[in-house]
Amino acid sequence: MSTHAPAPLGLYIHWPYCVRICPYCDFNVYKAKGADSAALVDALIADMARWRAVTGPRTLASIHFGGGTPSLMEARDIARILETAETLWGLAPEAELGLEANPAERSCLADIVSAGINRLSVGMQSLDDAALARLGRDHDARAGLEALEIARSLVARVSADLIYAREDQSLDGWKGELSTVLALGIDHLSAYQLTIEDGTAFARQVKRGTLVPPPEDLAADMFTATQDLTRAAGLEAYEISNHARADAHRSRHNRLYWTGGDWIGIGPGAHGRIGSHAGGGRIVHAAPMRPADYIAASQQPLSELEHLSALEEAQERVLMGLRIAEGLDRTRLKSLTGHDVDEEAAASLLADGLIAMDASGVRLTTQGRLYADRVANLLAP
């Protein structure tokens, strides 16, 4: 019998409600007005108990509240979920308990932290009021800065989240916004390039010609400027969009995704990936999308769980593993899935300077991070 302790586990809680739906968002979100929040919290608790029966005794390395707008949750509900998770699984020492906070709820941050949250991601998105209005945000730049200041006064681990490559945004404008935030001495920054996702209001505007995204070369210049400015401020680019002053400030929960760790996803539309104790492959799960359907399903036994094939698992591990600075561990990929990167595909990417590779691993170069979509499929067919 093996004496190895079970691997750490992550828990993701999806809170789908928002005061308003941002036009660039393609997440599973719904208007908060009229929502039955109490019923959803009860469903989350019930769902956690169902998943404890599947995972067996594990230790939670991280819990992350995403959405939607989880800062709309009542602090008592956050505390209840955290307490239930600790009872069901237990928390690792210094477990990361994170939440995505909207600046409009900045007055609630102290209560949220009192409920047990120890890492806050502040969705500032921009320091340009006109841009924030265009992005559909319900706060202005001043509120974003205030929220960041409050968060930093409450917890040691805080991320400032920004969006660049917006319509009509100049390179100098982005440098100015970014420099202002970096000058505050933050320890973590998430800088996301705006992408136009199918099904969003922005996608419909692009089709009508009422929104014109910046040209690709300008977006690339903004990405390069982001690397230069964050590096100069002492924040290392440890993932394509994420920068941290030191390892202690990196997102531990997101690292579970990027390194192919195990996590449970609860809440409407949440996804999860966990290993199978029976050795039958990696369990993949997606919860019902609509809140009402999710609430109803939480009262039923879990339906038959699906498993990824070895190739599907390998494809996911390549896609996620290439996002981080250290890249993909080829030895681990082969031992877990039996698959390796395709040498012919890799040779072309090597020649273009998009990847660096040896027998043990493969990683994106700085240039490769600009064109990560070209590197998505490195597996042999």
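This text gives an overview of the structure that appears in the document.

Calculation notes
Residues numbered from 1 in each chain as written. Predicted model: local features only at pLDDT ≥ 70, side-chain atom pairs only at ≥ 80, totals over all residues. Heavy atoms only, no water. Core = buried A, V, L, I, M, F, W, Y, C linked by side-chain atoms within 4.5 Å. Buried < 20%, exposed > 50% of the residue type's maximum accessible area, 1.4 Å probe, protein only. Helix = DSSP H or I, 4+ residues; strand = E, 2+ residues; numbered from the N terminus. Contact = heavy atoms within 4.5 Å. 1 Å grid on protein atoms, 1.4 Å probe; cavity = no way out; pocket = protein on both sides within 12 Å on 5 of 7 lines; lining within 4 Å. Points joined across faces, edges and corners; volume = space filled by probe spheres on them. Nonpolar A, V, L, I, M, F, W, Y, C, P; charged D, E, K, R; others polar. Pairing = 2+ DSSP bridges.

## Notes on the nonpolar core
Core analysis: the largest hydrophobic core is formed by 76 residues, its most contacted members being L11, F65 and L120. Sorting elements by how many residues they give to this core places helix α1 (residues 37–55) first, with seven residues. The contacts of L11, once residues within four sequence positions are left out, are M48, L60, S62, I63, H64, A85, W89, H253, I264 and I266. Counting residues in hydrophobic clusters, the runner-up holds 10 residues, among them C25, V29, L135 and L194.

## Points about empty space enclosed by the protein
Tallied over the entire structure, the rule returns one cavity of 30 Å³ or more. Roughly 30 Å³ of internal volume is contained in the largest cavity. Along its surface, the largest cavity is lined by W51, W263, I264, G265, G272, R273, I274, I283, V284 and H285. Counting residues per element, the ones that place at least two in the lining of the largest cavity are β11 (262–266), β12 (271–275) and β13 (282–286). Of the residues assigned to the lining of the largest cavity, the class counts are six nonpolar, three polar and one charged.

## Focus: the sheet that holds strand β17 (residues 361–364)
What holds strands together in a sheet is hydrogen bonding between their backbones, with the strands either parallel or antiparallel. Ordered in space as β15-β17-β16, the three strands form an open sheet in which the pairing is antiparallel. Two strands in the sheet have a free side with no partner beyond their single neighbour: β15 (328–329) and β16 (355–357). Examined bridge by bridge, β15 and β17 share two bridges and lie antiparallel to one another. Along β17, the bridge assignment pairs D329 with G361.

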